[in-house]
2 protein chains.
Amino acid sequence: SSCYKPMVVKMGRDQSYWASIESEIEAHLKKVISIRPPESVFEPMHYLTFTTPKSTAPALCVAACELVGGERAQAMAAASAIHLMHVATYTHQHMHGFGPKPGPAIDHKFGPNIELLTGDGIMSFAIVLLAKAMSPARENSDKILRVITEVTRAVGSQGLLEGQFRAIEWSQSGNGDEEMLEYVCKKKEGEIHACGAACGAILGDGSDEEVESLRNYGLYVGTIQGMINGVGRNNKNKRMEELRILAMKELQIRFKGKKVSPIASLIEESFVPPSQCDLL
Amino acid sequence: SSCYKPMVVKMGRDQSYWASIESEIEAHLKKVISIRPPESVFEPMHYLTFTTPKSTAPALCVAACELVGGERAQAMAAASAIHLMHVATYTHQHMHGFGPKPGPAIDHKFGPNIELLTGDGIMSFAIVLLAKAMSPARENSDKILRVITEVTRAVGSQGLLEGQFRAIEWSQSGNGDEEMLEYVCKKKEGEIHACGAACGAILGDGSDEEVESLRNYGLYVGTIQGMINGVGRNNKNKRMEELRILAMKELQIRFKGKKVSPIASLIEESFVPPSQCDLL
């Protein structure tokens, strides 16, 4: 069994930090995705948006924005779009009749045909949401375009999509190659977290160096997440610890003297073993 | 049987106009979609891009750009992105095991799982392509963002996606409601053609009025296309003629004294009946 919840840490204060971000993203999504005509389209879109197990990538986007000195509001559209992209790809990946799935079995409220089309619709809605984040004065167009490129790249042929293809190859090969498994986690979970962190830094007006450090941090964090959620978890502790140290270094070197503890709390404490997570 | 080829007109000269546009779009796509690592991703992406029956929406984008005084090159990225969006949605709609499909049976080179993932990848690739069309000096960011919004809206919950849902409802109701059928064609084919024409006008620096007239023209043209390609074709001739007249009016009123004959040739001549088209 797997755990799709955001990573659980022991410190109450940091727990509440992530919980407050999650609830702000949720509130923003509730505002933009209402059930309206055509209901046949928006009802499944709404349902999938709010029932799909969450990725930590959207929250990381907001935390990265705060770390570089930005306001949460600046990252909200991007965080929402990243959640929607995650929902769309998760929905397609877990469609009924498409082979064995990682994670707990899903209660499919809609048939595969509706899930297929709705996933497509959610994907285009995510991009519309980003494009609409252009300020009326249009002075942030370049930033928005950068973010659109980041988000579409992260789920595309060099990112999540490649991870999904490699995962198929990996499961067919049946040899349990450890390196390939890490590569799959890096592509499937790492890239979208890297994208989240980078977009947050871009929108919070971080420097190019800050954007790249946070991108690296996100890549490590997401890869670790993938290894926690995925198969072959038990013999991975040593490698996960190495990745955790690399991730912390990115923060310590680039953000000396800054308040890194909130964003670092995503991986700071010893992980709660997945067996102790509530299953969704 | 249906005909997915671009509409055939009798005049040799205008035929060659559309053929030259089509070949330029194809050349541009060949440049941007090469088979490169990861091959498992790019091979099906390449295959589907060049074997999916074409929509006339991309060519209309280029023609609209020319009509408002722009260069073909300005519309090439958008035309390619619109083709890719069409390919992605067409691929998903025709996936094996997802119910009866309009049009000729497809030779599926890849299984539904690969088609599903590749469709997603093509969709994100289309957006990356548009975002990359930003000029180095970044003075066209606003235009690019407008086009990204147009394209994602056209395939989204108020456009193509709604048409797909309505088509499912329509086929389930079984009452052959004529008005609903036209609405389905308007959403499924009309919106993407409206988007193509509007984007071409935006990129060719047309005025707001020109953009809206070409959007209307595209909506009529696409709706007619949908009615030609779709079911219940034979009792539709009268209504199609009405739509054709409305479409021509959009051009005649807005573009007085301009060279509208190339773009008008899409619907100018009497249609060649679909039975005379080569089936793909």
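The structure displayed is predicted, hence computed values, not measured ones.

1. Regarding the side chain of threonine 152 of chain B
Moving on, step 1. The residue threonine 152 of chain B is located in helix α6 (residues 141-154) in this model.
Moving on, step 2. In this structure the side chain of threonine 152 of chain B is engaged in a polar contact, spanning 2.7 Å, whose partner is the backbone oxygen of isoleucine 148 of chain B.
Moving on, step 3. For threonine 152 of chain B, the residues in contact, after removing those within four places along its chain, are Ser124, Ile127 and Val128 of chain A together with Met85 and Ile127 of chain B.

2. Description of helix α3 (residues 57-67) of chain A
Residues and elements named next belong to chain A.
Moving on, step 1. Of all the 11 residues making up α3, 10 are buried; the element is thus mostly covered by neighbouring parts of the structure.
Moving on, step 2. Ala57, Pro58, Ala59, Leu60, Cys61, Val62, Ala63, Ala64, Cys65 and Leu67 are the residues of α3 that are buried.
Moving on, step 3. With its phi angle positive at about 100°, glycine 69 sits one or two positions after the end of α3.

3. Comments concerning the packing of helix α2 (residues 39-51) of chain A against helix α5 (residues 112-132) of chain A
Residues and elements named next belong to chain A.
Moving on, step 1. Where α2 meets α5, the axes come as close as 9 Å, and the angle between the chain directions of the two elements is 80°. Judged on the interaxial angle alone, α5 and α2 are roughly perpendicular. Taking contact as the criterion, the partners of Phe42, Pro44, Met45, Leu48 and Thr49 in α2 are, on α5, Ile114, Thr118, Gly121, Ile122 and Phe125.

4. What about the environment of proline 37 of chain A?
Moving on, step 1. For proline 37 of chain A, the location among the structural elements is in the loop between α1 (12-32) and α2.
Moving on, step 2. Residue classification places proline 37 of chain A among the exposed residues on the basis of a relative accessible area of 58%.
Moving on, step 3. Apart from residues no more than four positions distant in its own chain, proline 37 of chain A is found in contact with Phe42 of chain A together with Gln158 of chain B.

5. Focus on the relation of the copies chain B and chain A
Moving on, step 1. Superposition record for chain B on chain A: RMSD 0.0 Å, screw rotation 180°, translation along axis 0.0 Å. Seen this way, the second copy is the image of the first under a two-fold rotation axis. Scanning chain B for the C-alpha nearest the rotation axis identifies serine 141 of chain B, at a separation of 2.9 Å.
Moving on, step 2. A shared interface surface links the copies, since 100% of the contact residues of chain B are contact residues in chain A too.

6. Considering the state of the cysteines
Moving on, step 1. In this structure the tally under the stated criterion is 0 disulfides over all chains.
Moving on, step 2. You can see cysteine 61 of chain A has no disulfide; the closest cysteine sulfur is in cysteine 199 of chain A, sitting 5.8 Å from it.
Moving on, step 3. Cysteine cysteine 195 of chain B is unpaired, with the sulfur of cysteine 199 of chain B as its nearest cysteine sulfur at 3.9 Å.

7. Re the packing of aromatic side chains
Moving on, step 1. All chains considered together, the criterion is met by 4 aromatic pairs over all chains.
Moving on, step 2. For the pair tyrosine 17 of chain A and tryptophan 18 of chain A, a centre-to-centre distance of 5.3 Å together with 80° between the ring planes defines the contact as edge-to-face. The two residues tyrosine 17 of chain A and tryptophan 18 of chain A agree in class, both being buried.
Moving on, step 3. Plain terms: the ring middles of tyrosine 47 of chain B and phenylalanine 110 of chain B are 5.7 Å apart, the flat faces sit at 75° to each other, and that makes the pair edge-to-face. Note that tyrosine 47 of chain B is positioned in helix α2 (residues 39-51) and phenylalanine 110 of chain B in the loop between α4 (72-93) and α5 (112-132), a separation of 63 residues in sequence.
Moving on, step 4. Directly above the aromatic system of phenylalanine 42 of chain A lies the positively charged group of arginine 36 of chain A, at a separation of 4.1 Å from the ring centroid.

8. Some details on α2 of chain A
Moving on, step 1. Here α2 of chain A contains 13 residues, and its C-alpha end-to-end distance of 18 Å stays within 8% of the 18 Å for a straight helix at 1.5 Å per residue.
Moving on, step 2. Among the residues of α2 of chain A, Val41, Phe42, Pro44, Met45, Leu48 and Thr49 of chain A are the ones counted as buried.

9. Some remarks on the interface of chain B and chain A
Moving on, step 1. Residue-level contacts link 46 residues of chain B with 46 residues of chain A.
Moving on, step 2. Taking both partners together, chain B and chain A bury about 4000 Å²; carbon and sulfur atoms supply 73% of that area.
Moving on, step 3. When the buried area of chain B at its contact with chain A is split by residue, Phe98, Leu145 and Phe165 of chain B rank highest and sum to 16% of it.
Moving on, step 4. Linking chain B with chain A are 0 salt bridges.
Moving on, step 5. Where chain B packs against chain A, one counts 6 residue pairs in polar contact (both at pLDDT 80 or more).
Moving on, step 6. Of all the elements, α5 of chain B adds the most residues to the side of chain B that touches chain A, at 14 residues.
Moving on, step 7. Partitioning the side of chain B that touches chain A into residue classes produces 24 nonpolar, 13 polar and 9 charged.

10. With respect to the nonpolar core
Moving on, step 1. By size, the foremost hydrophobic cluster in this structure holds 159 residues, and its most contacted members are Leu214 and Ile263 of chain A together with Leu214 and Ile263 of chain B.
Moving on, step 2. Apart from the residues lying within four places of it in its own chain, the contact partners of leucine 214 of chain A are Ala64, Leu67, Val68, Ala197, Ala201, Leu251, Phe255 and Ile263 of chain A.
Moving on, step 3. Among the nonpolar cores identified, the runner-up in size contains 6 residues, and Leu116 of chain A together with Met95, Phe98 and Leu116 of chain B belong to it.

11. Considerations on the side chain of histidine 28 of chain A
All names here are of chain A.
Moving on, step 1. When you line up the elements, histidine 28 lands in helix α1.
Moving on, step 2. A polar atom in the side chain of histidine 28 sits 2.9 Å from the side chain of serine 80.
Moving on, step 3. Among all residues touching histidine 28, those that are not within four sequence positions of it are Met76, Ala77 and Ser80.

12. Digging into unusual backbone geometry
Moving on, step 1. Following proline 37 of chain A, the chain continues to proline 38 of chain A via a peptide bond in cis, the omega torsion being -10°.
Moving on, step 2. Among the secondary structure elements, proline 38 of chain A is positioned in the loop between α1 and α2.

13. Remarks on the environment of glycine 121 of chain B
Moving on, step 1. Assignment of secondary structure puts glycine 121 of chain B in helix α5.
Moving on, step 2. For glycine 121 of chain B and leucine 84 of chain B, which are 37 residues apart along the polypeptide, the C-alpha to C-alpha distance reads 9.9 Å.
Moving on, step 3. Ignoring sequence-local partners within four residues, the contact set of glycine 121 of chain B consists of Leu161 of chain A together with Met45 of chain B.

14. Side note on the confidence of the model for chain A
Residues and elements named next belong to chain A.
Moving on, step 1. On average, residues of chain A score 87 in pLDDT, and 86% of them reach the 70 mark or higher.
Moving on, step 2. Across chain A, α3 holds the top mean pLDDT of 98, while α1 sits lowest at 89.
Moving on, step 3. Here residues 1-12 scores under 50 on pLDDT; set against residues more than four positions off or in separate chains, the count is 40 contacts.
Moving on, step 4. The low-confidence segment residues 270-280 (pLDDT under 50) makes 18 contacts with residues lying over four places distant or belonging to another chain.
Moving on, step 5. Taken over the whole predicted complex, pTM reads 0.90, whereas the ipTM for its chain interfaces reads 0.89.

Calculation criteria
Residues numbered from 1 in each chain as written. Chains lettered and ligands numbered in written order. Predicted model: local features only at pLDDT ≥ 70, side-chain atom pairs only at ≥ 80, totals over all residues. Heavy atoms only, no water. Helix = DSSP H or I, 4+ residues; strand = E, 2+ residues; numbered from the N terminus. Polar contact = N/O pair within 3.5 Å; in protein donor to acceptor, adjacent residues only side chain to side chain. Contact = heavy atoms within 4.5 Å. Buried < 20%, exposed > 50% of the residue type's maximum accessible area, 1.4 Å probe, protein only. Axes fitted to C-alpha atoms, helices over the stretch in contact; angles between N-to-C directions. Parallel < 35°, antiparallel > 145°, perpendicular 65-115°, else oblique. Least-squares fit on C-alpha atoms with pLDDT ≥ 70 in both. Disulfide = S-S within 2.5 Å. Phe/Tyr/Trp six-rings, centres within 6.5 Å; stacked < 30°, edge-to-face > 60°. Lys NZ or Arg CZ within 6 Å of the ring centre and 35° of its normal. Expected span 1.5 Å × (residues − 1). Buried area = accessible area lost by both parts, 1.4 Å probe. Salt bridge = Lys/Arg side-chain N within 4 Å of Asp/Glu carboxyl O. Nonpolar A, V, L, I, M, F, W, Y, C, P; charged D, E, K, R; others polar. Core = buried A, V, L, I, M, F, W, Y, C linked by side-chain atoms within 4.5 Å. pLDDT = per-residue confidence, 0-100.

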